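# Survey of secondary and tertiary structure
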Amino acid sequence: MVYGVSACIVRKNTKYDGKNNYNQAVIDFLKDKEYILICPEVMGGLPTPRVPSEQLNDKVINQIGEDVTTNFTDGAKKSLELLKEKGVEAVILKERSPSCGYKKVYDGTFSKTLIEGHGVFAKLAIENGIKIYTETDIKNMQEKNES
């Protein structure tokens, strides 16, 4: 199986602050697997670094009040196209991200408050039958295998 993976969790500096969300458990999991890196925000034309963004109702707004919804939706569509071309059936996504967040995202107030919901790309992946894992899911699977 080929996986799609949020680029930031495997040491690619695509995070809004120009850094990454390195996750050793994900890197260990992927060591003998084929995978495709995605960053829907970058694929949607946003720079790295960039102003942080959060979902607010049906929009994505950055911290200075700009509506970046189009960047997020365009990037989600481009990411999905790439993954479909490669036959990807499952993705490992960055938790809480306005693009890749699965089950929980920040509430749009920039107060670090989490609410139930999915990021723009995660919603699209779900609608297209792609299985979603987060970095916590991968860590928990590995811990279960070790015990």
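Quick caveat, the model's predicted, so the values are computed rather than measured. (Residues numbered from 1 in each chain as written. Predicted model: local features only at pLDDT ≥ 70, side-chain atom pairs only at ≥ 80, totals over all residues. Heavy atoms only, no water.)

### Description of helix 3 (residues 69–85)
The criterion, for reference: Runs of H or I in DSSP of at least four residues are treated as helices and runs of E of at least two as strands, each being numbered from the N terminus. Here, expected helix span is obtained from the residue count minus one, scaled by 1.5 Å. Accessible area is worked out with a 1.4 Å probe on protein chains only. A residue is then buried under 20% of its type maximum, exposed over 50%, and partly exposed in between. Note that the arc is computed from the directions linking the helix axis to the C-beta atoms.
With 17 residues, helix 3 extends 24 Å from end C-alpha to end C-alpha; this agrees with the ideal 24 Å at 1.5 Å per step. Residues of helix 3 that are buried include every one of Thr69, Phe72, Gly75, Ala76, Ser79, Leu80 and Leu83, and no others. Buried residues of helix 3, seen end-on, are gathered within an arc of 135° and therefore sit on one face of the element. Within helix 3, the exposed residues directed more than 90 degrees away from the buried face are Thr70, Glu81 and Glu85.

### Let's talk about the pattern of salt bridges
Note the threshold: For this analysis, a salt bridge means a side-chain nitrogen from Lys or Arg found within 4 Å of a carboxyl oxygen belonging to Asp or Glu.
In this structure the tally under the stated criterion is six salt bridges. We note a salt bridge from Glu41 to Arg50, for which the minimum N-O separation is 2.9 Å. Look at Glu41 and you get buried, because its relative accessible area is 9%. A salt bridge links Arg96 to Glu95, with the shortest nitrogen-to-oxygen separation between them at 3.5 Å. The class for Arg96 is partly exposed, based on a relative accessible area of 28%.

### Brief notes about the sheet that holds strand 8 (residues 131–134)
Hydrogen bonding along the main chain pairs the strands of a sheet, whether they run parallel or antiparallel. Just so we agree on the cut-off: For two strands to be treated as a pair, DSSP must find no fewer than two bridges joining them. Axis lines are fitted through C-alpha atoms, for helices just across the contact stretch, and the angle between N-to-C directions can take any value from 0 to 180 degrees. In this description, contact between two residues means that some pair of their heavy atoms is separated by no more than 4.5 Å.
Here we have four strands laid out as an open sheet, ordered 2-1-5-8, and parallel in their pairing. Strands at the two margins of the open sheet, each flanked by one partner only, are strand 2 (34–38) and strand 8. Strand-to-strand twist in this sheet, taken as the mean axis angle between neighbours without regard to direction, amounts to 25°. Sheet analysis places strand 1 (residues 2–6) next to strand 5 (residues 90–93), joined by three bridges and oriented parallel. Paired with Val5 across the strands is Ile92, a residue of strand 5. On the sheet, helix 3 packs against strand 1, strand 2 and strand 5 and is oriented at approximately 165° with respect to strand 2.

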